[in-house]
Amino acid sequence: MEDAFTKLLKGYRSFRENSALRKEFFHDLHLGQNPQTLVISCCDSRVVPNIIMQAEPGEMFITRNIAGLVPPYDTSHTSYHATSAAIEYAVLHLKVKHIIIMGHKGCGGIAALIERQNKEHSHTDFIDKWMEIAKPALAAAESSYKNLPSEQKAELCEREALKISIKNLLTFPCVAQAAAEKKLQIHAMMFDIKEFSLSLYDPAKDVFELIK
Ligand SMILES: [Zn+2]
């Protein structure tokens, strides 16, 4: 079997060959970026916003993290804030018009959160702490439905986590201001890997609707 890295180098060579045909496109890109959309998605290898939405290089500014979560606005400098920095850059400097938060079914981060809920001590250096952002999602999922099979509980939790991320996103003053001035729209999406389909959250109805 071909080594994974060797395969990637082969892919790069093919990219070079094919992209040579689009010399002007890449030449223009090197002059600067002007993406209209920030995407915050899970870093799961199967959730690839550019491919799912067929976006070209330069179209979407993307930050990915475990479970695609948005942390609350927090200016204490006791830790590093990669996602918050990306949000700040996208909203204040790139002036994006849309923010898409993308979660997905079968998220390992959410599964870990559910699994570890009854354990007192953290077992990872970073993941457990990071997943605390979504802890209220678990509580919400459990309070609305009792004794759910684990797969359904996870799905509910994944959806609730997206709602928490929307709420957290709006705690960023730059986001709240741009949204209030109608310069920025926030969208939450759920990707179903098996069905390769996207659902869009409708906050007015509090439902995820399949995009047709
Ligand atoms: Zn995930």
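What comes next concerns the included structure. This structure is a prediction, so every number in the text was calculated from the model and none was measured.

**A short note on the coordination of the zinc ion**
Within the protein, Cys 42 (SG), His 104 (NE2) and Cys 107 (SG) serve as the donor atoms for the zinc ion, at 2.0 to 2.3 Å. One chain supplies every donor to the zinc ion, and in sequence these donors are spaced C-x61-H-x2-C. Pair noted here: Cys 42 is in strand 1 (residues 37-42) and Cys 107 is in the loop between strand 3 (98-104) and helix 5 (108-115), with a separation of 65 residues, a long-range link. Pair check on accessibility: Cys 42 and Cys 107 agree, each one buried.

**Let's talk about helix 7 (residues 135-144)**
Among all positions of helix 7, only Ala 137, Leu 138 and Ala 141 are buried. Viewed along the axis of helix 7, the buried residues span an arc of 100°, placing them on a single side of the element. Its buried side turned inward, helix 7 meets helix 5 and helix 8 (150-169).

**Comments concerning the packing of aromatic side chains**
Applying the stated rule across the entire model yields 6 aromatic pairs. Measuring from ring centre to ring centre gives 5.7 Å for Phe 61 and Tyr 89, while their planes differ by 35°; the resulting arrangement is tilted. In this pair, Phe 61 is assigned in strand 2 (residues 60-65) and Tyr 89 in helix 4 (residues 82-93), connecting sequence segments 28 residues apart. The class of Phe 61 is buried, set by a relative accessible area of 18%.

**Section: the sheet that holds strand 6 (residues 207-210)**
Spatial ordering of the open sheet is given by 2-1-3-4-5-6, a layout of 6 strands whose pairing is mixed. One side of each edge strand has no neighbouring strand; the edge strands of this open sheet are strand 2 and strand 6. Strand-to-strand, the axes of this sheet are offset by a mean angle of 25°, without reference to chain direction. Pairing analysis gives 7 bridges linking strand 3 to strand 4 (residues 185-192), with the strands arranged parallel. Bridge pairing in strand 4 places Ile 101 opposite Ala 188. Sheet contacts for helix 4: strand 1, strand 2 and strand 3; angle to strand 2, the most-contacted strand, approximately 165°.

Cut-off values and rules
- Residues numbered from 1 in each chain as written.
- Predicted model: local features only at pLDDT ≥ 70, side-chain atom pairs only at ≥ 80, totals over all residues.
- Heavy atoms only, no water.
- Donors = N, O, S within 2.8 Å, 3.2 Å for Na, K, Ca; no water.
- Helix = DSSP H or I, 4+ residues; strand = E, 2+ residues; numbered from the N terminus.
- Buried < 20%, exposed > 50% of the residue type's maximum accessible area, 1.4 Å probe, protein only.
- Arc of directions from axis to C-beta.
- Contact = heavy atoms within 4.5 Å.
- Phe/Tyr/Trp six-rings, centres within 6.5 Å; stacked < 30°, edge-to-face > 60°.
- Pairing = 2+ DSSP bridges.
- Axes fitted to C-alpha atoms, helices over the stretch in contact; angles between N-to-C directions.

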